[in-house]
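What follows is each chain in one-letter form.
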Amino acid sequence: LLNAASGQVISSTPAPENYYLQQPCWSSSGDIVTLTALAGENEVIISFNTNTETFLTLLNTENEDLGSSYLKNDTLWYESSASGTENIWRMVNGKKEIITNSKFGTGEFCFDNNRLIFSDYTREGYSLCAVTPNDLTVNKLTKTEPPVRIIDLIDKPVPLKQEENIMELVPVPYNKFL
């Protein structure tokens with residue numbers, strides 16, 4: 001742990017079982033960090049309690065690619081490829097539930113107050129999406145009621161007036177012999 005202001009090392013704790021730790025994320029309580037860890041041929045999600053300086057394994061997987069994770073109260077939110085593409089999952093009391101059902105995969109996610117914000121990759125590219133936890137039902141997102149696309153809520157910019165004396169550029173293929 002580091003002092004953010006001074007950069008001074010406050011404490012140092014070795015990773016359990018020589019795990020390779022990655023993607024740290026503070027919990028909603030602010031005293032626990034969740035981490036994705038490479039554990040031999042598998043990946044796990046572990047937490048580190050900054051008060052007790054102890055690690056706890058939250059999720060063991062086999063043949064899954066895990067992305068970022070976030071601990072909110074008693075719920076672990078995480079990205080996993082268990083469904084065949086990257087999707088957002090949640091685990092409460094050991095029960096795993098898939099939250100998104102993206103055809104091409106979801107990207108990073110975060111919480112903003114009471115909204116889950118994530119990117120959903122579609123054939124047209126990424127869509128930035130938001131949904132409230134009250135709207136979450138297992139497999140509901142992207143099947144029956146897609147999440148709100150944030151980009152659709154933003155006013156489109158007003159086009160600038162075109163100036164009459166704008167030089168038009170015409171690309172010409174490069175030819176090194178000319």
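One can find the structure itself at the top, above this paragraph.
These lines cover the structure that appears in this document, whether it is placed above or below.

Reading the values: rules and limits
- Residues numbered from 1 in each chain as written.
- Predicted model: local features only at pLDDT ≥ 70, side-chain atom pairs only at ≥ 80, totals over all residues.
- Heavy atoms only, no water.
- Pairing = 2+ DSSP bridges.
- Helix = DSSP H or I, 4+ residues; strand = E, 2+ residues; numbered from the N terminus.
- Axes fitted to C-alpha atoms, helices over the stretch in contact; angles between N-to-C directions.
- Phe/Tyr/Trp six-rings, centres within 6.5 Å; stacked < 30°, edge-to-face > 60°.
- Buried < 20%, exposed > 50% of the residue type's maximum accessible area, 1.4 Å probe, protein only.

1. With respect to the sheet that holds strand E7 (residues 87-92)
Strand order in the open sheet made by the four strands is E5-E6-E7-E8, with antiparallel pairing throughout. Strands at the two margins of the open sheet, each flanked by one partner only, are strand E5 (66-72) and strand E8 (95-98). Neighbour-to-neighbour, the strand axes of the sheet open up by a mean angle of 20 degrees, direction not taken into account. Inspection of the sheet shows E5 paired to strand E6 (residues 75-80) by five bridges, in the antiparallel sense. Residue pairing in the sheet places Ser69 in a bridge with Tyr78 of E6.

2. Here we look at the packing of aromatic side chains
Applying the stated criterion to the full structure yields six aromatic pairs. For the ring pair Phe48 and Phe55, a centre distance of 4.8 Å and an interplane angle of 45 degrees mean the geometry is tilted. A relative accessible area of 8% places Phe48 in the buried class. Owing to a relative accessible area of 25%, Phe55 belongs among the partly exposed residues under this scheme. Note on Tyr78 and Trp89: the rings are 6.5 Å apart at their centroids and 20 degrees apart in plane angle, and the pair reads as stacked. With Tyr78 in strand E6 and Trp89 in strand E7, the pair connects residues that are 11 residues apart, well separated along the chain. Overall, the relative accessible area of 13% leaves Trp89 in the buried class.

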